[in-house]
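Per-entry structural report
The primary structure of each chain is shown beneath.
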Amino acid sequence: MWSLTASEGESTTAHFFLGAGDEGLGTRGIGMRPEESDSELLEDEEDEVPPEPQIIVGICAMTKKSKSKPMTQILERLCRFDYLTVIILGEDVILNEPVENWPSCHCLISFHSKGFPLDKAVAYSKLRNPFLINDLAMQYYIQDRREVYRILQEEGIDLPRYAVLNRDPARPEECNLIEGEDQVEVNGAVFPKPFVEKPVSAEDHNVYIYYPSSAGGGSQRLFRKIGSRSSVYSPESSVRKTGSYIYEEFMPTDGTDVKVYTVGPDYAHAEARKSPALDGKVERDSEGKEIRYPVMLTAMEKLVARKVCVAFKQTVCGFDLLRANGHSFVCDVNGFSFVKNSMKYYDDCAKILGNTIMRELAPQFQIPWSIPTEAEDIPIVPTTSGTMMELRCVIAIIRHGDRTPKQKMKMEVKHPRFFALFEKHGGYKTGKLKLKRPEQLQEVLDITRLLLAELEKEPGGEIEEKTGKLEQLKSVLEMYGHFSGINRKVQLTYYPHGVKASNEGQDPQRETLAPSLLLVLKWGGELTPAGRVQAEELGRAFRCMYPGGQGDYAGFPGCGLLRLHSTFRHDLKIYASDEGRVQMTAAAFAKGLLALEGELTPILVQMVKSANMNGLLDSDGDSLSSCQHRVKARLHHILQQDAPFGPEEYDQLAPTRSTSLLNSMTIIQNPVKVCDQVFALIENLTHQIRERMQDPRSVDLQLYHSETLELMLQRWSKLERDFRQKSGRYDISKIPDIYDCVKYDVQHNGSLGLQGTAELLRLSKALADVVIPQEYGISREKKLEIAVGFCLPLLRKILLDLQRTHEDESVNKLHPLYSRGVLSPGRHVRTRLYFTSESHVHSLLSVFRYGGLLDETQDAQWQRALDYLSAISELNYMTQIVIMLYEDNTQDPLSEERFHVELHFSPGVKGVEEEGSAPAGCGFRPASSENEEMKTNQGSMENLCPGKASDEPDRALQTSPQPPEGPGLPRRSPLIRNRKAGSMEVLSETSSSRPGGYRLFSSSRPPTEMKQSGLGSQCTGLFSTTVLGGSSSAPNLQDYARSHGKKLPPASLKHRDEPQITPLVSSSPSPCLPVPFCITGS
């Protein structure tokens, strides 16, 4: 990059600053006349001469703008285009030199700001006739709000209702103002308060908002940010009497403004910030920067962004959106404006600008050039069967990420205060009530405190509730010092004849039995930091399911999915159950999937839809309680027998002959004896924790996720009390909770070094691997009955999603009038993501396995898939079931070959079990079955094996939609990231001892992303590559390194608190994509 400046206090001889590629900006000052040629300047620097011919890009702006951080970041990336050279015109040259002395350029990026001589820039443009990124003449209009509103109206863009008050003696008819107490009338248009008063000059930021007297009157006075203030309240209620203004209706935006930044008509980045009108305080982060949250634009808002960009002829353009009453209104157009502190935006902006310049000017210079992104326009990918089809729909059902242990307490309550609370919130309508909101939980806490106070005064009073239970209820509700529905919830169920009578089957006609409420308190189960990492990394990896996302999923962010999303052809909706951990998982996944930045809360509000209607993703136990109770009772009866499992028990407990179930029963042998061992280990564990609490060195010890030793002891002591009942029998329903707790502590609190946890984990996992899946049915028939009760609404919704792909083409489809540069505006990819809990995933898998989808005796591929599922012992966090629908437009619409459906599955994060215990995928790809000796990954979109023999062609490369590299194409991408930091070497290995081969795919990330991602920076440690489909399972990178004596870079090391994800692999090799078993049909 070159920069033309003039030294202060010295002669105005020009100086150039020479850019030095990726290594940084070297500085070389050489006195010269402006007309001196570039070759004279660089004749001694042969190694730095860029390729010829060169397109000169001139930057003409005030120094504060041209040397700002966003501009510097973008220009550094722009310089990586081989045929572009950037020069910056210094402020002294712009202000003092005649335009004839300004250096010549072929492309000009110039924009107005305070003090900028726009007239000289226009004159230079007429003199040199460069290609303009932002039109200069239109920048005069942008400085006048009246002209801005006029142009917006002409383009049919929604804006607030407004009127212009021109205090111009030449136009007295435009200066009619009648001011009332709570309204103002401007040229016949009445604006009741609140209304907004804007100076007509866009350079004047003194915007006033006037409030009605009913709200206290006065006005909020906005101004350009000064320190931490952007507005102040004033008691003055009268409008200004001098100057010309625009008066407009105040739009209620709930305290949020949206700023949109376009880079060309096909790209828009949006950020939300706290409205300056709210309280005038600028929210800043720890580095002093204003807090803004990237948000998603609707299809209509994207169309507005395109219209604004085209109407004002500003490639790089910022404007303000007000979202109010279900509509979006443009209230200001700022002209040239950059996003601050977004590496993704810097990459995207440089890529788009570079491609725009090359597309316009490369033909004039006879530079061979083709825009690399064109290949991503058509959503066509190879299916697992090796054919090329258009991807039409992706549906994923995903379990939430890693969470803290769930805990529960039940108690029967009969006090009138509880019944009054039940009635107040409408509990009698359904007989059930769920309390999650802070004010509701506060009411429960208030009642509990009152009852405990009364019990303390009169221990033998009429209060029937047990003191111990009330104290536990109080202590749990008082945890954290604040309420959050994500942390705790209370459920109340009405029993007209008492809880015990209903459970024990007593005669309900007995009048002596009084009604009561069953109070169930649930707490814990919060998404952990590791869970957020899992979800975000899986979202980032999930892009590889889409065209253009193959290979290195952490590389340049402008890959296929993001391109689809930015060009209006990605119809995305994300649903989540009402559990806090599920909703935050969905938000974190969306953050990774769409390369969003910032906190999860605004992403959750903007992107995730609550799906608790009609039991879509939340469990409604009424319809399935009787069946499940019978199944649980039978399960408990079998596991209470103090004898080794015999043939009869195997038939009773494992009629489906599931491999994982049989393995667990082999480990258990005698269930009661194993429960005895588990109980003894729990007793030993609580004893160790109490000893640690007595140790002075453990006083301030804080465990994972801010837990303390006291809280850890509470959850283990409760399990110790509940697991073995007074009768000596064991409560089998507590086994999942025991496994949940020990898995959590082994994974996150291993530094405590507690003895016996490994054995407790092994035994409790064996028991849990029997109890958990069998609670959803023991026989095939019961599994299906329970599954339908859980997920019938979800199944109907999935079917509707697949059908609507063809019936509802108008949803989120690119407008054909604005489809320049997009090859398939009439097509779109529909994505529906459903985040839920373990119960729905178990149920959905039961439907697929036992619902007669295919006959495994007639289909070898389906049999392999079922064998793989049978070997899976646990549906861990982030378990995924993915359905992909493809269409072959060359086939007859009624043909069975027209559509192709794939089912994909991954059992989620790798648990804490021993390495190698997870089953290896051994799926089937028809495309590779012709040649058994070439079972390397046939789905690869690019050859990632540098050591591959030349006579061994990659089948997928032959069918890849990527254009062949011809003489007219550059040999490398114009934007190359520095791949030295945070990258993993691409490794390849084919083993003759295995029926297939495996590959370890590169996973690189720029240093900035690694720094920002925190726990997630070592994404390569989170994922291994398991392929179910023509390629055997790839081992973890650490295993590969140990067996081959290789050292991996630090980025691949796994954080001890981060479980690994057993990934899903589809037609594209990715670190985390689904294992396919495919069905083809209409």
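Anyway, here's the lowdown on the structure attached to this text.

Criteria and cut-off values
Residues numbered from 1 in each chain as written. Predicted model: local features only at pLDDT ≥ 70, side-chain atom pairs only at ≥ 80, totals over all residues. Heavy atoms only, no water. Helix = DSSP H or I, 4+ residues; strand = E, 2+ residues; numbered from the N terminus. Buried < 20%, exposed > 50% of the residue type's maximum accessible area, 1.4 Å probe, protein only. Contact = heavy atoms within 4.5 Å. Areas by Shrake-Rupley, 256 points an atom, 1.4 Å probe, with all protein chains shown as cover. Phe/Tyr/Trp six-rings, centres within 6.5 Å; stacked < 30°, edge-to-face > 60°. Lys NZ or Arg CZ within 6 Å of the ring centre and 35° of its normal. Patch = residues over 30% accessible without salt bridge, like charges linked within 9 Å, V, L, I, M, F, W, Y side chains within 5 Å. Salt bridge = Lys/Arg side-chain N within 4 Å of Asp/Glu carboxyl O. Lys, Arg positive; Asp, Glu negative; His and termini not counted. Charge placed at Lys NZ, Arg CZ, Asp CG, Glu CD. Polar contact = N/O pair within 3.5 Å; in protein donor to acceptor, adjacent residues only side chain to side chain. Core = buried A, V, L, I, M, F, W, Y, C linked by side-chain atoms within 4.5 Å. Pairing = 2+ DSSP bridges. Axes fitted to C-alpha atoms, helices over the stretch in contact; angles between N-to-C directions.

A few points about the overall build of the protein
- Counting its secondary structure elements, the protein contains 31 helices and 35 strands.
- Going through the 1082 residues of the protein one by one, you find that 55% of them count as buried.
- Of the contacts made within the protein by residues no fewer than 6 positions apart, 70% connect residues no fewer than 24 positions apart.
- Accessible surface, the protein as shown: approximately 47200 Å² in total, 50% of it carbon and sulfur.

Focus on the packing of aromatic side chains
- Counted under the stated rule, the structure contains 25 aromatic pairs.
- With a centroid separation of 6.2 Å and 70 degrees between ring planes, the pair formed by Phe645 and Tyr650 is classed as edge-to-face. Accessibility classification places Phe645 together with Tyr650 in one group, the buried group.
- Counting every residue linked through ring pairs, the aromatic cluster contains Phe111, Tyr267, Phe336, Phe338, Tyr345 and Tyr346.
- Positioned above the aromatic ring of Tyr141 is the side chain of Arg150, whose terminal nitrogen or guanidinium carbon lies 5.9 Å from the ring centre.
- When the ring centre of Tyr208 is taken as reference, the NZ or CZ atom of Arg240 above it lies at 3.6 Å.

Details of a positive patch on the surface
- Where like charges cluster on the molecular surface, the positive patch consists of Lys64, Lys65, Lys114, Arg224 and Lys340.
- Here Lys65 shows up in helix 2 (residues 63-66).

Some remarks on the environment of Asp855
- Along the polypeptide, Asp855 turns up in the loop between helix 26 (838-850) and helix 27 (860-871).
- According to the relative accessible area criterion, Asp855 is partly exposed, its value standing at 40%.
- A polar side-chain atom of Asp855 sits 2.6 Å from a polar atom in the side chain of Thr857.

Examining the nonpolar core
- Within the largest apolar cluster, 79 residues are counted, with the highest numbers of intra-cluster contacts made by Val678, Trp716, Phe723 and Leu760.
- With nine residues, the top contributor of residues to this core is helix 24 (residues 757-774).
- Contact partners of Val678, with chain neighbours within four places excluded, come to Phe723, Ile738, Leu760, Leu763, Ser764 and Leu767.
- If you look at the next biggest cluster of nonpolar residues, it comprises 40 residues, including Met389, Leu391, Ala590 and Met878.

Things to note about the sheet that holds strand 23 (residues 432-435)
- Strand order across the open sheet formed by four strands is 22-25-24-23, with antiparallel pairing between neighbours. The open sheet terminates on both sides in strands that have one partner only, identified here as strand 22 (406-413) and strand 23. Neighbour-to-neighbour, the strand axes of the sheet open up by a mean angle of 15 degrees, direction not taken into account.
- Direction of pairing for strand 22 relative to strand 25 (residues 516-524): antiparallel, over a ladder of eight bridges. Residue Met409 lies in a different strand from strand 25, and its bridge partner there is Leu521.

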